[in-house]
Amino acid sequence: MLLGLTSATSGRIQLLGQAMPAHLSDILPAVGALVEGPAFYPFLSGRANLHRLDSADPGGRAETRRARVSDALDRVGLGHAADKRAHAYSLGMKQRLGLAGALLTPRRLLILDEPSNGLDPQGTREVRSLITSLAHDGTTVFVSSHLLSEIEQMCTHAAVMSAGRMVASGRLDDLRGAAASRVVVTTPDVEEARQVLERLGVSTDAMAPSIDQVAGAVTEASAEAERIVAELVAAGVCVRGFEVARTSLEDRFVALTGEGFDVAR
Amino acid sequence: MSLDDRTSAPAVATGRSNSVARFWNLFRSEIRVLFRRGRTIAMLAALAAVPVLIAIAIRLSSSGGGGGGGPAFLARITENGLFVSLTGLAVAIPLFLPLTVGVVAGDTIAGEANLGTLRYLLISPAGRIRLLLVKFAGAAVFCAAATLVIVLAGAAIGAALFPIGPVTLLSGDTVGIGDYAIRALLMAAYVTISMLGLSAIGLFISTLTTVPVGAMATTVVLAALAQILGAIPQLDWLHPFLFSDRWLGFADIMRQPIAWQSFQDNTLTQAVYIVVFGGAAMLRFRSKDVLS
């Protein structure tokens, strides 16, 4: 809908400050995208596929096309496989070729749908650093993903959607910080530790992650982590491990959108 | 490929090039994609095989005398090998040619949608109307290539297996090989134009679906249906409106003077089909939600 592929039933869309789809032909050259997975002509090589894509792009100047295609292929690490037919590509290679397609011309905005889908750990890491470097160079990168750990590692801002509505948005830290962080103490002296924590204002959980652990939520009113450790030691509790776990995006996400398989049905 | 890329350099002088240059940019790419595809090459090869098989069959049996029946021009081949092209066209027009044209035209939009490349072309943005025009132009180029392949393969195999010489036209006049060559090209143009109406129909059907095989089959079935209707005498009021009605009229070019009337009528019929179905395709595609 953002890219003018489907029409909206209601509401207005602004992309890069201009109304869509009225200014579609002005805006889209500045936008690179990966939508619902990559797609290619299986009988063409990766390179020929990018040539094809670029010739449809009004911003794709023909005289620089060869160089830009080669650059884009190198950037995603496909230089060695550029002349293989696309149907011989693995899922990860297709994904990277799709990214290369979005990088053919300088973009102001990249819209990437599940960019690390199908990639092996190295590939995921490469894509992550590629995206980070693009963002560093001044391109706005908009990623939609179900992989919250990815989001945590890549993004500065995030928004949570549930059943078609945005339920939260903001800086990643603010989003996570909206819920209190937690402490987890690993100790043989579980009962003593629990008493100390309670005394310091930490509301401990009835069930800890493990039999030798005590976990609890830290609130504004409770003591700081450093003091908790000191008090634990002072009370003679053997501390084997102490962890301040910030609320993960996943916890926050589930808190916002609900739990279970039948969410958003 | 590299040569093409360089010669097109001035086409996109600024970031926002004019429409015509963008059309050509995409059109060249379309032609490359179309003719680099194994399927396209295989279909052209199959079309080339039509006159070749005819010529070989006649050569092998010509000692036995042969005789009447068979498609137009068949009996004349032994006298003059140049008639192989004409026989080839006459044989290919009812079935093989519409079949291949249906495959290409039906694949235009539905094929891109099926691969998922349609959404990437549209967000480039290629422009929806421009993409349709390019697709139709690509299908037209295929029609011309298909027809030329039959004519050239026929001329080549005819020259190889039979004597060639001045051609006796249907009207009884005799013309030299040079004159015949021009007439052969005119016939190729006639047959190419004949296929444009069907291409427009295929393009329209292709905008309705994301399953290319469905669009191809529908287009081919319509071509067959039009010819069946055209063969029913009780429906002769309908015949002038059928896109297939003048398909075999290319033979009129083999008269002296050339009977231009059928050329004009055919062009007019095809133009009407192009406008109607091309317009329908534009209306449909302009507002279509591309989800796949």
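Residues numbered from 1 in each chain as written. Chains lettered and ligands numbered in written order. Predicted model: local features only at pLDDT ≥ 70, side-chain atom pairs only at ≥ 80, totals over all residues. Heavy atoms only, no water.

Undergrad: How would you sum up the sheet that holds strand 9 (residues 203–204) of chain A? Please name residues and give values.
TA: Two orientations exist for strands paired in a sheet by backbone hydrogen bonds: parallel and antiparallel. All names here are of chain A. Read across the sheet, 4 strands follow the order 9-10-8-11 without closing on themselves; strand pairing throughout is antiparallel. Two strands in the sheet have a free side with no partner beyond their single neighbour: strand 9 and strand 11 (241–245). Here 5 bridges tie strand 8 (residues 182–186) to strand 10 (residues 213–217), and the two strands are oriented antiparallel to one another. Paired with Val-185 across the strands is Val-214, a residue of strand 10. Set on the sheet, helix 9 (residues 225–234) makes contact with strand 8 and strand 11; between it and strand 11 the angle comes to about 160°. (Pairing = 2+ DSSP bridges. Helix = DSSP H or I, 4+ residues; strand = E, 2+ residues; numbered from the N terminus. Contact = heavy atoms within 4.5 Å. Axes fitted to C-alpha atoms, helices over the stretch in contact; angles between N-to-C directions.)

Undergrad: Describe the pattern of salt bridges, with residues and values.
TA: One side chain can pair with another of opposite charge once the charged atoms of both are near each other. Across all of its chains, the model carries 17 salt bridges over all chains by this definition. Linking Arg-52 of chain A and Glu-112 of chain B is a salt bridge whose minimum nitrogen-to-oxygen distance equals 2.9 Å. Placement of Arg-52 of chain A in helix 2 (residues 46–55) and of Glu-112 of chain B in helix 5 (residues 96–115) is noted, with the two residues assigned to different chains. The class for Glu-112 of chain B is buried, based on a relative accessible area of 3%. For Lys-135 of chain B, the salt bridge goes to Glu-112 of chain B, with nearest N and O atoms at 2.8 Å. Of this pair, Lys-135 of chain B sits in helix 7 (residues 128–161) while Glu-112 of chain B sits in helix 5, and the two are 23 residues apart along the sequence. An identical accessibility class is assigned to Lys-135 of chain B and Glu-112 of chain B; each is buried. Overlapping salt bridges, with partners in common, bring together Arg-52 of chain A together with Glu-30, Glu-112 and Lys-135 of chain B in one network. (Salt bridge = Lys/Arg side-chain N within 4 Å of Asp/Glu carboxyl O. Buried < 20%, exposed > 50% of the residue type's maximum accessible area, 1.4 Å probe, protein only.)

Undergrad: Can you break down the confidence of the model for chain B residue by residue, with the values?
TA: Taken over all residues, the pLDDT of chain B has a mean of 87, while the share at 70 or more is 90%. Counted against residues more than four places away or in other chains, residues 1–16 of chain B, with its pLDDT under 50, gives 30 contacts. (pLDDT = per-residue confidence, 0-100.)

Undergrad: How would you summarise the side chain of Thr-117 of chain B if you had to cite specific residues and measurements?
TA: Along the polypeptide, Thr-117 of chain B turns up in helix 6 (residues 117–123). Among the polar contacts listed, one links the side chain of Thr-117 of chain B to the side chain of Glu-112 of chain B, at a separation of 2.5 Å. When residues no more than four places from it in sequence are discounted, the contact partners of Thr-117 of chain B are Ala-39, Phe-40 and Tyr-41 of chain A together with Glu-112 of chain B. (Polar contact = N/O pair within 3.5 Å; in protein donor to acceptor, adjacent residues only side chain to side chain.)

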